[in-house]
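A closer look at the structure
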Amino acid sequence: NAGVTQTPKFRVLKTGQSMTLLCAQDMNHEYMYWYRQDPGMGLRLIHYSVGEGTTAKGEVPDGYNVSRLKKQNFLLGLESAAPSQTSVYFCASAQGTEAFFGQGTRLTVV
Amino acid sequence: GQQVMQIPQYQHVQEGEDFTTYCNSSTTLSNIQWYKQRPGGHPVFLIQLVKSGEVKKQKRLTFQFGEAKKNSSLHITATQTTDVGTYFCAGSFSGGYNKLIFGAGTRLAVHP
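So, here is what we can say about the structure in this document. (Residues numbered from 1 in each chain as written. Chains lettered and ligands numbered in written order. Predicted model: local features only at pLDDT ≥ 70, side-chain atom pairs only at ≥ 80, totals over all residues. Heavy atoms only, no water.)

1. Considering the sheet that holds strand E1 (residues 4-7) of chain B
Residue and element names in this part refer to chain B. Selection criterion: Two strands qualify as a pair provided DSSP detects at least 2 bridges between them. A run of DSSP states H or I qualifies as a helix once it reaches four residues; a run of E qualifies as a strand once it reaches two. Both are numbered from the N-terminal end. Lines are fitted to the C-alpha atoms to define the axes, a helix being fitted only along its stretch in contact, and any angle between axes, read from their N-to-C directions, falls within 0 to 180 degrees.
Taking strand neighbours across the sheet as the criterion, the five strands line up as E1-E3-E8-E7-E6 in an open arrangement whose pairing is antiparallel. Bordering the open sheet on either side are E1 and strand E6 (55-58), each of which pairs with just one other strand. The sheet shows a mean angle of 15° between the axes of neighbouring strands, direction not considered.

Below is the structure:
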């Protein structure tokens, strides 16, 4: 019963470095989401996907790219990290109703 | 744009007092969901409201969806220390392909 698994849990990047966050779900859900959470700003939608091979922009997509090559995986990429991208990143999956969240990735960009 | 506004940002109550958080959208929602996030944790689904004017209860928690499907509220009766956390509403918009937009959340502190 893994549910939604995010990798890694913590990461420190230097400005300009790139990295990929991996989200994997084992519930065969169609919908997957990437959010960032900053103090006082709730959860802001970065990108989302309504099915394998599809992606769409959310509220704050700039500086991020995503891919959904396999139904169970949703990757979030930062091509050139900036200090403004320091945040906690949450992945979620859903099948019409309840969204299930991963444990989060705490990313610090220095 | 599609936004969900939530107030208040913080609420401090004495144990046993009631608590309410409100969500509002400028456009009609197809449904609204509520989540709870404990400190250091991840959001956990509480409930979904779909119908205009819908009211649902879970023990001490009462959820309402407005008649115009533009606002919602969560009311907790007689708060307990276990209610501590941040409560989020999340709205889906018509034609939004299940795009789930969260409010900023209300952080609840309960003093014993």
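2. A word on unusual backbone geometry
Generally, phi is negative for residues other than glycine and the peptide bonds are trans, each holding for most cases. Operational definition: Think of it in three bands: with a 1.4 Å probe and only protein chains considered, a residue is buried below 20% of the maximum accessible area for its type, exposed above 50%, and partly exposed in between.
Here the residue pair Thr7 of chain A and Pro8 of chain A is connected by a cis peptide bond, since its omega of -5° sits within 30 degrees of zero. Among the secondary structure elements, Pro8 of chain A is positioned in the loop between strand E1 (4-7) and strand E2 (10-13). Note that the residue after Ile7 of chain B, namely Pro8 of chain B, is joined by a cis bond; omega there is -5°. Mapped onto the elements, Pro8 of chain B comes out in the loop between E1 and strand E2 (10-14). Of note, the phi angle at Asn28 of chain A is positive, near 60°, even though the residue is not glycine. Considering the arrangement of structural elements, one finds Asn28 of chain A in the loop between strand E3 (19-25) and strand E4 (31-37). Using a relative accessible area of 53% as the deciding quantity, one classes Asn28 of chain A as exposed. Within the chain, Lys69 of chain B stands out as a residue other than glycine whose phi angle is a positive 55°. Its place among the elements puts Lys69 of chain B in the loop between strand E7 (61-65) and strand E8 (71-76).

3. Concerning the sheet that holds E3 of chain A
Residue and element names in this part refer to chain A. Read across the open sheet, the four strands follow the order E1-E3-E8-E7; overall the sheet is antiparallel. Lying at the two open borders of the sheet, with one neighbouring strand each, are E1 and strand E7 (64-67). On average, each strand axis in the sheet is tilted by 20° relative to the strand beside it, whichever way the strands run. Relative to strand E8 (residues 73-78), E7 is paired through four bridges, and the arrangement is antiparallel.

4. A short note on the environment of Ser92 of chain B
All names here are of chain B. The criterion, for reference: Any pair of residues with heavy atoms lying within 4.5 Å of one another is described as a contacting pair.
Among the structural elements, Ser92 can be located in strand E9 (residues 85-93). With relative accessibility at 4%, the residue Ser92 sits in the buried group. Taking the C-alpha atoms as reference points, Ser92 and Ser30, 62 residues apart in sequence, are found 5.6 Å from one another. Setting aside residues no more than four positions away along its own chain, Ser92 makes contact with Leu29, Ser30, Asn31, Lys99 and Leu100.

5. Describing the packing of aromatic side chains
For clarity, the cut-off: Pairing of aromatic rings covers Phe, Tyr and Trp, the last counted by its six-membered ring, and requires centre-to-centre distances within 6.5 Å; plane angles under 30 degrees mean stacked, over 60 mean edge-to-face, and any other angle means tilted.
Following the criterion strictly, the structure yields 13 aromatic pairs over all chains and no others. Arranged with centres 6.0 Å apart and planes meeting at 40°, the rings of Tyr35 of chain A and Phe101 of chain A form a pair that is tilted. Of this pair, Tyr35 of chain A sits in strand E4 while Phe101 of chain A sits in strand E10 (residues 99-101), and the two are 66 residues apart along the sequence. Note on Tyr35 of chain A: relative accessible area 0%, which makes it buried. Measuring from centroid to centroid gives 5.9 Å for Phe101 of chain A and Phe102 of chain B, while their planes differ by 80°, and the two rings are edge-to-face. Here Phe101 of chain A, found in strand E10, pairs with Phe102 of chain B, found in strand E10 (residues 100-102), and the two come from separate chains.

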